[in-house]
Amino acid sequence: MTATAVVTPMKVTGEFPVVRSTMPKPGRCVVVILGVGGDLARRKLLPALYHLFLDGGMPDDFAIIGVERGASITDEAFRSGVADTLTGADISSAQLQTGWGEFGKRLYYVAGDLGSAEVYANLRKRVTEISTTIVDLQGHLFHLALPPSLYAGVIRQLASSGLLTKVRDPEERPWVRVVIEKPFGHDGASAQALQRGARRVMAEHQLYRIDHYLGKETVQNLLVLRFANSIFETVWNRHYVEHVQITASETLGVEHRGKYYEEAGVVRDMFQNHLLQLLTLTAMEPPTAFAADPVRDEKVKVLRAIRPVNPATAVRGQYGPGRIDGVTVPGYRQEERVAADSRTPTFAAVQFAVENWRWQGVPFFVRAGKRLAAGATEIAIRFRRPPLMLFPAEEGERLAPNVLALRIQPREGISLCFNVKVPGMAMQARAVEMDFAYAEGFGTEDHDAYETLLLDAMLGDQTLFMRSDEVEAAWGIVDPLLAYWDAQAPERFPNYAAGSSGPAAADELLAAAGATWRPLAKQ
Ligand code: BG6
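For clarity, every value in this text was computed on a predicted model and none was experimentally measured. (Residues numbered from 1 in each chain as written. Predicted model: local features only at pLDDT ≥ 70, side-chain atom pairs only at ≥ 80, totals over all residues. Heavy atoms only, no water.)

1. Quick notes on the nonpolar core
In this structure, Ile33, Leu34, Leu144, Phe271, Leu279 and Phe352 are the most contacted members of the largest nonpolar core, which totals 151 residues. Ranked by the residues each element gives to this core, the list is headed by helix α9 (residues 258-283), at eleven residues. Filtering out sequence-adjacent residues up to four positions away, leucine 279 remains in contact with Ile246, Val302, Ile306, Phe352, Val354, Phe364 and Val366. Residues Ala400, Val403, Cys417 and Ala431 belong to the second largest nonpolar core, which totals six residues. (Core = buried A, V, L, I, M, F, W, Y, C linked by side-chain atoms within 4.5 Å. Buried < 20%, exposed > 50% of the residue type's maximum accessible area, 1.4 Å probe, protein only. Helix = DSSP H or I, 4+ residues; strand = E, 2+ residues; numbered from the N terminus. Contact = heavy atoms within 4.5 Å.)

Structure below.
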């Protein structure tokens with residue numbers, strides 16, 4: 001057991017030089033949301049665009065066109081539906097009053113089934129009409145808030161209707177960009193097929209692949225922490241780091257997404273994208289500039305340095321019934337639209353090795369799961385113990401190793417654990433934790449990752465979006481694991497109770513390396 005005593009808050013002091021000192025304003029544009037009636041658009045995209053508008057991050061003039069199958073409704077009816085959606089999201093009535101007049105009048109609606117060519121002709125007509133009302137229009141953004149299986153077809157139709165044209169030079173105006181969401185394909189082969197289709201009709205600089213983790217504040221701060229502080233970078237290597245733990249643990253189950261999750265499972269849902277992104281940002285070399293290609297070049301090098309995982313050592317799990325926060329919850333197999341004998345994993349723990357000069361021999365333990373004891377996403381860097389222990393710890397306890405933990409959620413922040421002398425005549429050491437929380441330190445409210453990502457897409461900054469070679473390299477890492485698990489039925493599913501810390505085999509994975517997982521504690 002290790003001893004961690006006092007928690008000391010860290011304060012924000014002084015002025016910080018920043019890369020982007022004020023909220024940048026994108027050029028005037030038209031944003032088209034295909035699938036505007038869906039969950040993503042209603043829960044994330046529309047509220048994010050409205051928040052951006054209130055914060056001054058929308059262009060001076062813009063239009064948002066929603067496309068959805070079903071009944072044809074007027075723009076007015078669509079606007080009032082969006083107002084209701086925003087009220088149902090975290091937008092207060094005061095916030096709605098402040099901006100709705102100017103925002104609401106810029107919303108338009110086109111009805112139609114995205115499988116038929118007709119809707120694209122109508123959309124084109126509408127886009128052209130609306131575009132002519134915007135002076136100095138800079139571009140069009142098509143956000144595909146749709147099931148991934150529709151991406152290829154919709155991209156093709158956008159191109160054949162003339163809405164999407166290949167733009168060779170990123171500086172050319174008006175620009176035209178397409179935004180898609182992970183998962184990009186179902187495996188490496190389908191991702192490549194999607195990519196080939198996209199490449200036929202647009203350039204790489206026109207395609208924005210969202211992994212919403214990259215829009216999170218702490219994820220971006222990882223780069224600042226690493227590359228704006230010499231104290232961390234000098235110890236950020238195999239000489240000082242014993243291992244790295246990356247955890248994404250959720251208390252939520254699959255909610256109403258049983259059908260999707262049955263096909264995806266935890267590896268496609270979390271590992272291929274979010275978790276490997278966290279790993280690359282933790283392990284990458286300093287880029288030559290904080291710009292799209294230099295950052296993504298370094299990330300892809302990390303992915304390529306990951307040694308093929310021996311699938312037999314990876315741990316998979318599926319939750320059974322249990323209790324979370326005093327409430328009894330069903331097991332995965334009892335969830336809506338999930339097979340009663342489902343083999344889909346809802347938990348995985350994998351040990352990765354990054355075979356390069358910086359990280360050779362340092363294990364990266366990565367785990368993610370649903371219905372666990374606590375909701376917490378973090379990256380923890382555990383440093384080696386001093387070579388010789390001169391000071392005794394409190395009775396029965398070992399001195400704690402230094403751990404730098406980056407909390408992505410909840411309570412975004414950073415904590416550092418180190419040892420100090422216990423006051424008094426005896427010479428005894430004890431661990432303390434210095435804790436920095438964004439909300440308390442800066443007094444700012446969280447903003448959703450989608451605000452950052454939509455703003456960047458309008459600005460034309462691809463730094464926080466996945467490039468095609470990253471997507472392919474990430475599939476290359478998880479494909480063998482997926483194939484192995486497809487071929488080998490799990491021995492015992494479900495193998496962890498909802499509300500627990502996951503299957504026992506996950507603990508054994510770390511024990512084999514002489515380590516233990518950080519407890520899944522409520523923050
Ligand atoms: C999504 C996954 O990409 O990320 C979900 O599909 C998961 O299954 C979610 O719950 C987690 O995101 P966040 O931002 O809540 O950590």
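Anyway, onward from the coordinates.
2. Thoughts on the environment of alanine 264
Summarising the element assignment, alanine 264 is placed in helix α9. We classify alanine 264 as buried; its relative accessible area is 10%. In sequence terms alanine 264 and threonine 346 are 82 residues apart; their C-alpha atoms lie 9.6 Å from each other.

3. Section: the site of the ligand
Near the ligand, the surroundings consist of Lys182, His212, Tyr213, Lys216, Glu250, Arg257, Tyr260, Asp269, His274, Lys370 and Gln409. Between the ligand and the protein, one listed contact pairs an oxygen atom with a side-chain N or O atom of lysine 182 at 2.9 Å. Surface burial for the ligand is 77%, taken as the share of its 400 Å² of free accessible area covered by protein chains. Considering each element in turn, the shell around the ligand owes the most residues, three residues, to α9. (Near = heavy atom within 4 Å. Polar contact = N/O pair within 3.5 Å; in protein donor to acceptor, adjacent residues only side chain to side chain. Areas by Shrake-Rupley, 256 points an atom, 1.4 Å probe, with all protein chains shown as cover.)

4. Let's talk about unusual backbone geometry
With an omega of -10°, the peptide bond between glutamine 409 and proline 410 qualifies as cis. The omega torsion of the bond from phenylalanine 493 to proline 494 falls at -5°, within 30 degrees of zero and hence cis. By the secondary structure assignment, proline 494 is in the loop between α13 (468-487) and β19 (496-497). Even without being a glycine, arginine 337 presents a positive backbone phi close to 60°. In this structure, arginine 411 takes a positive phi of about 50° despite not being glycine. Mapped onto the elements of the fold, arginine 411 is located in the loop between β16 (403-409) and β17 (413-421). Taking relative accessible area as the criterion, arginine 411 reaches 35% and is therefore assigned partly exposed.

5. Description of a nonpolar patch on the surface
A cluster of nonpolar residues, Leu388, Leu390, Phe391 and Met427, forms a patch on the protein surface that exposes about 440 Å² of accessible area. Taking the relative accessible area as the measure of exposure, phenylalanine 391 reaches 39% and is therefore partly exposed. (Patch = residues over 30% accessible without salt bridge, like charges linked within 9 Å, V, L, I, M, F, W, Y side chains within 5 Å. Salt bridge = Lys/Arg side-chain N within 4 Å of Asp/Glu carboxyl O.)

6. Some points on the pattern of salt bridges
One pass over the structure, following the stated rule, counts 29 salt bridges. The salt bridge involving glutamate 129 is made with arginine 126; its shortest N-O contact spans 3.7 Å. Remark: arginine 126 and glutamate 129 occur in helix α4 (residues 117-132); sequence separation between them is three residues, near one turn of the helix. You can call glutamate 129 partly exposed: its relative accessible area is 40%. A salt bridge links lysine 182 to aspartate 269, with the nearest nitrogen and oxygen atoms 3.1 Å apart. Taken together, the residues lysine 182 in the loop between β6 (175-181) and α6 (188-201) and aspartate 269 in helix α9 connect sequence positions 87 residues apart. The exposure class assigned to aspartate 269 is buried, which follows from its relative accessible area of 3%.

7. Description of the pairing of strand β7 (residues 207-210)
A two-sided burial pattern is seen for β7, the buried positions comprising Leu207 and Arg209 on one face and Tyr208 and Ile210 on the other. As defined by bridge partners, β6 adjoins β7 across four bridges and the pair is classed as parallel. Note that in β7 the partner of valine 179 across the bridge is tyrosine 208. Viewed along the sheet, the connection from β6 through α6 into β7 turns out right-handed. (Pairing = 2+ DSSP bridges. Right-handed = clockwise from strand over helix to strand, strands pointing away.)

8. Brief notes about the packing of aromatic side chains
All chains considered together, the criterion is met by 19 aromatic pairs. When the ring of tryptophan 359 is compared with that of phenylalanine 364, the centres are 5.2 Å apart and the planes differ by 80°; the resulting orientation is edge-to-face. The pair tryptophan 359 / phenylalanine 364 is uniform in exposure class, with both members buried. Aromatic side chains phenylalanine 436 and phenylalanine 442 sit 5.9 Å apart centroid to centroid with 90° between the ring planes, which places their arrangement in the edge-to-face category. The exposure class assigned to phenylalanine 436 is buried, which follows from its relative accessible area of 11%. Aromatic ring contacts, followed pair by pair, group Tyr260, Tyr261, Tyr319, Tyr332, Phe347 and Tyr496 into a single cluster. Its guanidinium or amino end placed over the ring of phenylalanine 62, arginine 106 lies 5.1 Å from that ring's centre, counting from NZ or CZ. (Phe/Tyr/Trp six-rings, centres within 6.5 Å; stacked < 30°, edge-to-face > 60°. Lys NZ or Arg CZ within 6 Å of the ring centre and 35° of its normal.)

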